[in-house]
Amino acid sequence: MNNAHAQTYLNRENIYLKKQVFGSVGRSSETMGDLEEISRHFQNKLCSLRRMLDLSAADLPQHKIQKLAQDILGLRGTLEEFEKCVDRQKEQLNQLREFERLCEKDVEFLQHMKENIPAHIPKRRSPVRENKPAANENTAADVQPTQAEPVKKRSRALSLAREMDYITTQEYNGIPQYMKGRVSYEQLNAAVQRVNTALTAKYKILAQPMRALNNNTRKLQQRFKDQETKDTKGKFFIVEEDICEFTQMKVDKRFQGILNMLRHCQRLREIRGGGCVRYVLV
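Computed from a prediction, not measured in an experiment: that's the story for all the values here.

Caption draft 1: Seen up close, the pattern of salt bridges. Using the criterion set out here, one finds six salt bridges in the structure. Note that E98 and R101 form a salt bridge whose closest N and O atoms lie 2.5 Å from each other. On the criterion of helical spacing, the pair formed by E98 and R101 is a turn pair, its members being three residues apart in helix α3 (residues 62–115). For E98, a relative accessible area of 37% translates into the label partly exposed. The class for R101 is partly exposed, based on a relative accessible area of 43%.

Caption draft 2: Region of interest: the pairing of strand β3 (residues 276–281). Among the six residues that make up β3, six are buried, leaving the element largely enclosed by the rest of the structure. The side-chain alternation of β3 yields two buried faces, one formed by C276, R278 and V280 and the other by V277, Y279 and L281. One ladder, built from six bridges, connects strand β2 (residues 268–273) with β3; its direction is antiparallel. Bridge pairing links E270 to Y279 in β3. The loop that links β2 with its antiparallel partner β3 comprises two residues; one of these, G274, has a positive phi angle of about 70°.

Caption draft 3: The arrangement of the nonpolar core in detail. Counting residues in each nonpolar core, the largest one holds 39 residues, and the members touching the most others are L188, I258 and L262. If you look at the next biggest cluster of nonpolar residues, it comprises six residues, including F42, L79, F82 and V86.

Caption draft 4: Seen up close, the packing of aromatic side chains. Evaluation of the coordinates by the stated rule reveals three aromatic pairs. When the centroid spacing of 4.9 Å and the interplanar angle of 70° are considered together, the rings of Y203 and F236 count as edge-to-face. Taken as a pair, Y203 in helix α8 (residues 185–206) and F236 in the loop between α9 (215–226) and β1 (237–238) lie far apart in primary sequence, 33 residues in all. Across this residue pair, the class does not change: Y203 and F236 are buried. Look at F224 and F246: their rings are 6.4 Å apart centre to centre, the planes differ by 45°, and that puts the pair in the tilted class. Separated by 22 residues along the polypeptide, F224 in helix α9 and F246 in helix α10 (residues 240–246) bring together distant segments of the chain. By relative accessible area, F224 is classed as buried at 0%. Over the aromatic face of Y172 sits the side chain of K180, whose NZ or CZ is 4.4 Å from the ring centroid.

Caption draft 5: Representation of α9. Taking 1.5 Å of rise per residue, twelve residues should cover 16 Å, and α9 covers 17 Å from first to last C-alpha, within 8% of that figure. Among the residues making up α9, those that are buried are T217, L220, Q221, R223 and F224. Down the axis of α9, the sector holding all buried residues measures 160°, keeping them to one side. Of the exposed residues in α9, the ones pointing more than 90 degrees away from its buried face are N215, K219 and D226. Where α9 is buried, its residues touch α8 and α10. The distance from a side-chain oxygen at the start of α9 to the backbone nitrogen of N216 is 3.2 Å, and the residue carrying that oxygen is N214.

Caption draft 6: Representation of helix α11 (residues 253–264) within the structure. Here α11 spans 17 Å end to end across twelve residues, near enough to the 16 Å set by a 1.5 Å rise per residue. Turning to α11, its buried residues number three or more, namely F255, I258, L259, M261 and L262. Taken down its axis, α11 places every buried residue within 160° of arc, on the same side. Of the surrounding elements, those touching the buried residues of α11 are α7 (177–180), α8, α10, β2 and β3. Directly after α11, the chain includes Q266, whose backbone phi takes a positive value near 60°.

Reading guide: rules and limits
Residues numbered from 1 in each chain as written. Predicted model: local features only at pLDDT ≥ 70, side-chain atom pairs only at ≥ 80, totals over all residues. Heavy atoms only, no water. Salt bridge = Lys/Arg side-chain N within 4 Å of Asp/Glu carboxyl O. Helix = DSSP H or I, 4+ residues; strand = E, 2+ residues; numbered from the N terminus. Buried < 20%, exposed > 50% of the residue type's maximum accessible area, 1.4 Å probe, protein only. Pairing = 2+ DSSP bridges. Core = buried A, V, L, I, M, F, W, Y, C linked by side-chain atoms within 4.5 Å. Phe/Tyr/Trp six-rings, centres within 6.5 Å; stacked < 30°, edge-to-face > 60°. Lys NZ or Arg CZ within 6 Å of the ring centre and 35° of its normal. Expected span 1.5 Å × (residues − 1). Arc of directions from axis to C-beta. Contact = heavy atoms within 4.5 Å. Polar contact = N/O pair within 3.5 Å; in protein donor to acceptor, adjacent residues only side chain to side chain.

Scope: geometric values only; no functional claims are made or implied.
Spelled out as structure tokens, the structure:
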């Protein structure tokens with residue numbers, strides 16, 4: 001191989017290098033910076049080889065030509081490895097773009113769920129705190145010493161009053177079809193909400209002192225107390241009269257079917273006696 005042949009081979013490798021390096025460059029500015037730095041490394045290497053040829057006025061020794069050929073082949077091999085690395089990076093980039101698309105789709109789905117939460121979904125309950133005005137505490141105790149302890153007990157009873165948990169879709173799907181009939185998931189939880197309304201109203205009246213009630217609520221409070229038994233002590237319950245009193249729900253055959261579903265889901269149980277059926281929260 002003489003100088004002319006070496007120069008021609010070197011120029012061909014230079015053109016090949018430029019096509020491969022700059023042809024593999026993506027549109028990303030960060031990728032352009034990395035590729036340009038590698039390209040400069042190859043250009044410097046080729047320039048060094050070219051200068052060796054330019055400085056030689058005579059034919060290069062055979063071992064010098066062989067050394068040049070080895071360096072050129074080494075550069076080409078390195079360039080091929082670099083090209084493979086670029087292809088792998090392109091494949092990873094496509095995978096990341098697909099992953100980004102899936103994440104954006106999940107974010108849109110979660111945002112839709114957040115903006116369309118059903119009203120009957122149970123929320124985390126914060127503990128009820130009793131307000132105790134410090135300024136009038138001693139005065140109230142002096143004026144009504146006999147009322148202090150009953151009021152404290154009623155406040156504690158009110159703060160401990162709880163509601164029935166809503167039915168989940170998994171629980172609803174587990175109810176036998178013959179029991180569900182035509183009652184939908186939304187209708188079942190609407191009934192749960194009405195039961196909670198009756199429970200809240202009942203125990204709000206029970207928590208009030210007798211002197212704060214009118215004639216009608218006094219009769220209700222007395223009825224609530226008369227319905228209590230040793231089996232209902234410490235438990236929360238309602239009867240059919242409470243549903244009629246505090247809600248607009250009809251106590252009919254359909255309502256009995258709903259109660260059967262709530263018993264199946266272990267939301268309440270029955271305690272009979274004294275001529276009435278008590279529906280106790282489980």
